[in-house]
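Observations on the three-dimensional arrangement
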Amino acid sequence: MSTLRALALFAFIIGVAAAASVSPQAQQSLTAAEVGQIIARAVNEAQGRGALATIAVADRVGNVLGVFQMTGAAANSTISSGRGVAGGLENASVPSTLAAIAKAVTGAYLSSRGNAFTTRTASQIIQQNFNVGETFQPGGPLFGVQFSQLPCSDFSVRFFDGGAGGLVNATLGPKRSPLGLAADPGGLPLYKAGGDLVGGIGVISDGRYGLDPVITDFDIDNDELIAIAGQSGFGPPNEIRANFISAGGRTLRYTDRGPEALVRNPATAATFAAINGVNGNLANVTGYYTAAGGLLAGQQYGAAASGYRLEDGTLYGTFRNGNRAMILVDGANANRFPPIAGTDGLLTANEVTQIMIGALTVAYNGRAQIRRPLSDNIHVTISIVDTNGRLLAMARTFDGPVFGTDVSLQKARSAMFFSNVNAASDLTTAGAGARVTQARNFFGRATLLADGIAWGNRSIGNIHRPFYPDGINGNQNGPLSNADNAWSPFSVGLQLELVVNNLTTHLGFVAGNNADTAARCTALPILAATGSNRLANGLQIFAGGVPIYRGNTQVGGIGISGDGIDQDDMIAFLGLHIGGVNLATGIGNAPRGIRADNLAAAGVRLRYVNCPFAPFIDSAVQNVCAGK
Amino acid sequence: MLGAASVIALLVALPSSGFGQTLSASGTVLSGMTVNPASAQITYNVDLAGDVPTATYVMAHMPDGKSLQRNNLGYWLPWGGQLDTLIDNKFVATGNTLTFKIVDQDIRDRMFPIRFVIAYRTTSAFKFGVFEVSPQ
């Protein structure tokens, strides 16, 4: 596309007329008393079902507000997909408290004021076919997202026991999740009147941390129903529930049953004071929650103490409808990630700023896929990194789901990493040399991952699926994935192999056996410039990130997360393009000749990005990524 | 962009860590430690294994997004990640042991864990190690 047309597109999409959408406003939060009420109602339902449950409540940014373990509840739960697979995390025993926390965090992190998703929704979107059981359909749109918000992440905030009120970490989010994101039913979001997302509830009572392998039925799942009872009075508006939202032509699943299936009336539940110490107790969870502190109030999302607030407009300006970007802040209310120059000397702070503005512009003008109302703009988090993996800037639209914060950084780093000529040697140092060899043999290319090919996150995902091409059941696996008979969402291949030692160390820490994992995922080589490695919050394997180039030279990566994957791809690709056009310094997408979609294996070409057909609100512009 | 420097407290006799550990060109993962944030006292001893440092460096990377380096006066300055902009802290070895004096101050206003990088140059190499500090 010529410069003039690019500028015209940019001007057009920032000049579109306003339309109805979710607006930023003061958010509500959970009180400690409400946390108690939620737990008590869940316990009430568990008693009615003869179940012994562990229940956790978290706020929107992942602070654990309470963990209650009913007397006699199983101390541990077993990770199991039910696919009869061994390896990875399959059959691992984990504390039930961690399972409950992961579910609560998932319910909170996947949701927003425009969409209410549950762990059952997560189950639907991470499996080998979408929907599971439908052969010859691509894998779930967020395939791999379960390995995000990891306890080893250098980005996610850590809770330190005894730190409540004493350390700035205490209230700031996004907090890490002990097991990443959960797909086991029993994690639901929590809302207050007016549609404010205030947190999530997670329940485990059956001793199994798994997923729903059969979507054609409607389970009577104790974990889910106990959570529904706890959610009573804090449910989402009906119109934003997952079952009113579609992706890839399929309606998403919220829960299998509703309040009509409860065996007890939540309103008749005893108070928390009446059950605490009688039917169970608050439980200490090292690294997540201190029982001695009692039930905690949640943080108000958008207030500085939550770690998220609106930027005042001086850094990124304003966007469609006068909207401003949201930034992440530290304990002093300062921007944690303002635009900075690359540690490798390849991007200036101004270039980073302009790329971010380009991406935010596309987001605020783009039509959302996975939220309501239908006319709402896209809500995402945007991360920009240098070639050392250093985060150069992070910003978001105001209602992006919190999970996208960590995932956007994963995507930016992953696209950068795979496009870096050091990728093969780094992976080999980290013990993944066999995967490098498999990938090279797969493409018949001896220099793969050392030859400067530009990989989008979609491209990485293409070869990290149990079938190649994705979804063609019976085909061989992509070289980074386990084969189908050894694959499950808990045993995926390279993505987990890179972090499994971190997870194991973290479980030992929670058990009191050893120090915590470093805030540095993977065993990739450590760089002197950062004191860390290039994938320090883990690899991500679904679409939404591209490397950044200056001419033929890679200078970084950009990652997007929070809406549909085509929307994420578009914001990364087009946003980078627009930023580059405005800069006129050679910054932009990788030259077409070196993109991974020039590679083919088994006669099938990889994909680089895929953008929505007619992506902008109140605009007829089509094919906006074509030719760039 | 560089911001204003922040002053660290006077150094006192400090509990230390790292005896027997060496730095390396590929980066050594050093033992971590916990501190009382209200009065954090951090030093790190490394075994030079015969190396003769010509310059010594200390850097810090924090979850609040900031990267800093320590100068020879004990001031912490914003650092952009380029090795050629590092400031020599002028630590002197005692025999084969090099002691890095890092922090002696209240750091309760910082996010944790803090990732420290200690490093030295020789005539032929740049060697470094990384360790994390968490609150007690």
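Model, not experiment: these values are computed from the prediction.

**Some words on the overall build of chain B**
Looking only at helices and strands, one finds 0 helices and 10 strands in chain B. When the elements of chain B are put in sequence order from the N terminus, they spell out β-β-β-β-β-β-β-β-β-β. The buried share of chain B, taken over its 136 residues, is 52%.

**Description of the environment of Thr94(B)**
Inspection of the secondary structure puts Thr94(B) in the loop between β7 (76–78) and β8 (97–105). It is 25 Å that separates the C-alpha atoms of Thr94(B) and Thr34(B), two residues lying 60 residues apart in sequence.

**Some remarks on empty space enclosed by the protein**
Considering all chains together, one arrives at 4 cavities of 30 Å³ or more under this definition. Of the pockets and cavities examined, the largest cavity occupies roughly 340 Å³. In terms of lining, the largest cavity is formed by 32 residues, of which the most central are Asp154(A), Arg413(A), Met62(B), Pro63(B) and Arg115(B). Residue assignment for the lining of the largest cavity shows that the elements contributing at least two residues are α8 (403–419) of chain A together with β9 (114–121) of chain B. Classifying every residue of the lining of the largest cavity gives 13 nonpolar, 11 polar and 8 charged. Each of domain 1 (3–25 + 304–404 + 545–605) and domain 2 (32–289) of chain A contributes no fewer than three residues to the lining of the largest cavity.

**Let's talk about the pattern of salt bridges**
All names here are of chain A. Throughout the structure, instances matching the rule amount to 32 salt bridges over all chains. For aspartate 196, the salt bridge identified is with arginine 113, shortest N-O distance 3.0 Å. Remark: arginine 113 occurs in the loop between α3 (96–109) and α4 (119–125) and aspartate 196 occurs in strand β6 (residues 196–204); sequence separation between them is 83 residues. The class of arginine 113 is buried, set by a relative accessible area of 14%. Here arginine 120 makes a salt bridge to aspartate 256, at a shortest N to O gap of 3.0 Å. Taken together, the positions of arginine 120 in helix α4 and aspartate 256 in the loop between β9 (250–251) and α6 (272–275) put the pair 136 residues apart, joining distant regions of the chain. Here arginine 120 and aspartate 256 have matching classes, each one buried. Taken together, the shared-partner salt bridges connect Arg120, Asp212, Asp219, Glu224, Arg253 and Asp256 into one network.

**A few points about the sheet that holds β6(A)**
Residue and element names in this part refer to chain A. Taking strand neighbours across the sheet as the criterion, the 5 strands line up as β5-β6-β1-β2-β10 in an open arrangement whose pairing is antiparallel. The two strands at the open ends of the sheet, each matched to only one other strand, are β5 (187–192) and β10 (280–282). Strand after strand, the sheet turns through a mean of 20 degrees between neighbouring axes, direction not considered. With 6 bridges joining them, strand β1 (residues 54–59) and β6 adopt antiparallel strand pairing. When the bridges of β6 are listed, isoleucine 55 appears paired with valine 203.

**Points about the packing of aromatic side chains**
Residues and elements named next belong to chain A. All chains considered together, the criterion is met by 20 aromatic pairs over all chains. Note on phenylalanine 442 and tyrosine 468: the rings are 4.9 Å apart at their centroids and 85 degrees apart in plane angle, and the pair reads as edge-to-face. Highlighted residues: phenylalanine 442 in helix α10 (residues 433–443) and tyrosine 468 in the loop between α11 (457–462) and α12 (494–497), separated in sequence by 26 residues. Site record: aromatic cluster; members linked through ring pairs are Phe417, Phe418, Phe442, Phe443, Trp455 and Tyr468. For the cation-ring pair, arginine 60 lies above tyrosine 301, with the distance from its terminal atom to the ring centre recorded as 3.8 Å.

**Section: the interface of chain B and chain A**
Contact residues are listed per partner, giving 29 residues for chain B and 25 residues for chain A. Regarding the contact of chain B and chain A, the summed buried area is about 2100 Å², with carbon and sulfur atoms giving 54% of it. The largest contributions to the chain B side of the interface with chain A come from Met111(B), Arg115(B) and Glu132(B), which together make up 23% of the buried area. Put simply, chain B and chain A have 1 salt bridge between them. Lys66(B) is the partner of Asp330(A) in a salt bridge, and the nearest nitrogen-oxygen pair spans 3.2 Å. Counting the contacts that link chain B with chain A gives 11 residue pairs in polar contact (both at pLDDT 80 or more).

**Describing the packing of helix α7 (residues 349–365) of chain A against helix α14 (residues 565–583) of chain A**
All names here are of chain A. At their nearest, the axes of α7 and α14 sit 7 Å apart, and the two run at 130 degrees to each other. With respect to each other, α7 and α14 are oriented oblique. Seen along the crossing, α7 lies across α14 with a hand that is right-handed. Residues Asn350, Glu351, Gln354, Ile355, Gly358, Ala359, Val362 and Ala363 of α7 lie in contact with α14, whose contacting residues are Met570, Ile571, Leu574, Gly575, Leu576, Ile578, Gly579 and Leu583. Looking at the contact of α7 with α14 residue by residue, the classes come out as 10 nonpolar, 5 polar and 1 charged.

**Some words on the side chain of Gln21(B)**
Residues and elements named next belong to chain B. Residue position: glutamine 21 is located in the loop between β1 (16–17) and β2 (28–29). At 3.2 Å, the side chain of glutamine 21 and the backbone nitrogen of serine 31 are in polar contact. At 3.1 Å, the side chain of glutamine 21 forms a polar contact with the side chain of tyrosine 44. In contact with glutamine 21, not counting residues within four places along its chain, are Val29, Leu30, Ser31, Tyr44, Val46 and Asp47.

**Considerations on the environment of Ala73(A)**
Residue and element names in this part refer to chain A. The topology assignment puts alanine 73 in the loop between β2 (64–70) and β3 (76–79). Relative accessible area serves as the criterion here: at 14%, alanine 73 is assigned to the buried category. The sequence separation of alanine 73 and glycine 36 amounts to 37 residues, and the corresponding C-alpha distance is 18 Å. Contact partners of alanine 73, with chain neighbours within four places excluded, come to Leu52, Ala53 and Thr54.

**Some words on the sheet that holds strand β4 (residues 93–95) of chain A**
Ordered in space as β4-β3-β7 (chain A), the 3 strands form an open sheet in which the pairing is mixed. Because the sheet does not close on itself, it has two edges, and the strands there are β4 and β7 (208–209) of chain A.

**With respect to α10(A)**
Residues spaced three or four apart along an α-helix point in a common direction, a consequence of the helix completing one turn every 3.6 residues. All names here are of chain A. Of the positions making up α10, those classed as buried are Gly433, Arg435, Val436, Ala439, Phe442 and Phe443. The elements touched by buried residues of α10 are α9 (423–429), α12 and β18 (600–601). Remark: glycine 444 follows α10 within two positions and exhibits a positive phi of approximately 60 degrees.

**Considering the state of the cysteines**
Think of a disulfide as a covalent bridge from one cysteine sulfur atom to another cysteine sulfur atom. All names here are of chain A. Evaluated as defined, the whole model comprises 2 disulfides over all chains. Each sulfur in the disulfide pair cysteine 152 and cysteine 521 lies 2.0 Å from the other. One quick way to see it: the torsion about the S-S bond of cysteine 152 and cysteine 521 is about 95 degrees, and its sign makes the bridge right-handed. Of this pair, cysteine 152 sits in the loop between α4 and β5 while cysteine 521 sits in the loop between α13 (500–510) and β15 (545–550), and the two are 369 residues apart along the sequence. Each member of the pair, cysteine 152 as well as cysteine 521, carries the same accessibility label: buried. Paired through a disulfide, cysteine 611 and cysteine 625 show a sulfur-sulfur distance of 2.0 Å. Across the disulfide from cysteine 611 to cysteine 625, rotation about the S-S bond amounts to roughly -85 degrees, and the bridge is consequently left-handed. Of this pair, cysteine 611 sits in the segment after β19 (604–605) while cysteine 625 sits in the segment after β19, and the two are 14 residues apart along the sequence. You can call cysteine 611 buried: its relative accessible area is 17%. Bonded cysteines in chain A are paired 1-2, 3-4 when counted in the order they occur along the chain.

Scoring rules and cut-offs
- Residues numbered from 1 in each chain as written.
- Chains lettered and ligands numbered in written order.
- Predicted model: local features only at pLDDT ≥ 70, side-chain atom pairs only at ≥ 80, totals over all residues.
- Heavy atoms only, no water.
- Helix = DSSP H or I, 4+ residues; strand = E, 2+ residues; numbered from the N terminus.
- Buried < 20%, exposed > 50% of the residue type's maximum accessible area, 1.4 Å probe, protein only.
- 1 Å grid on protein atoms, 1.4 Å probe; cavity = no way out; pocket = protein on both sides within 12 Å on 5 of 7 lines; lining within 4 Å.
- Points joined across faces, edges and corners; volume = space filled by probe spheres on them.
- Nonpolar A, V, L, I, M, F, W, Y, C, P; charged D, E, K, R; others polar.
- Domains from an automatic or database assignment.
- Salt bridge = Lys/Arg side-chain N within 4 Å of Asp/Glu carboxyl O.
- Pairing = 2+ DSSP bridges.
- Axes fitted to C-alpha atoms, helices over the stretch in contact; angles between N-to-C directions.
- Phe/Tyr/Trp six-rings, centres within 6.5 Å; stacked < 30°, edge-to-face > 60°.
- Lys NZ or Arg CZ within 6 Å of the ring centre and 35° of its normal.
- Contact = heavy atoms within 4.5 Å.
- Buried area = accessible area lost by both parts, 1.4 Å probe.
- Polar contact = N/O pair within 3.5 Å; in protein donor to acceptor, adjacent residues only side chain to side chain.
- Parallel < 35°, antiparallel > 145°, perpendicular 65-115°, else oblique.
- Left-handed = near helix turned anticlockwise from the far one by under 90°.
- Disulfide = S-S within 2.5 Å.

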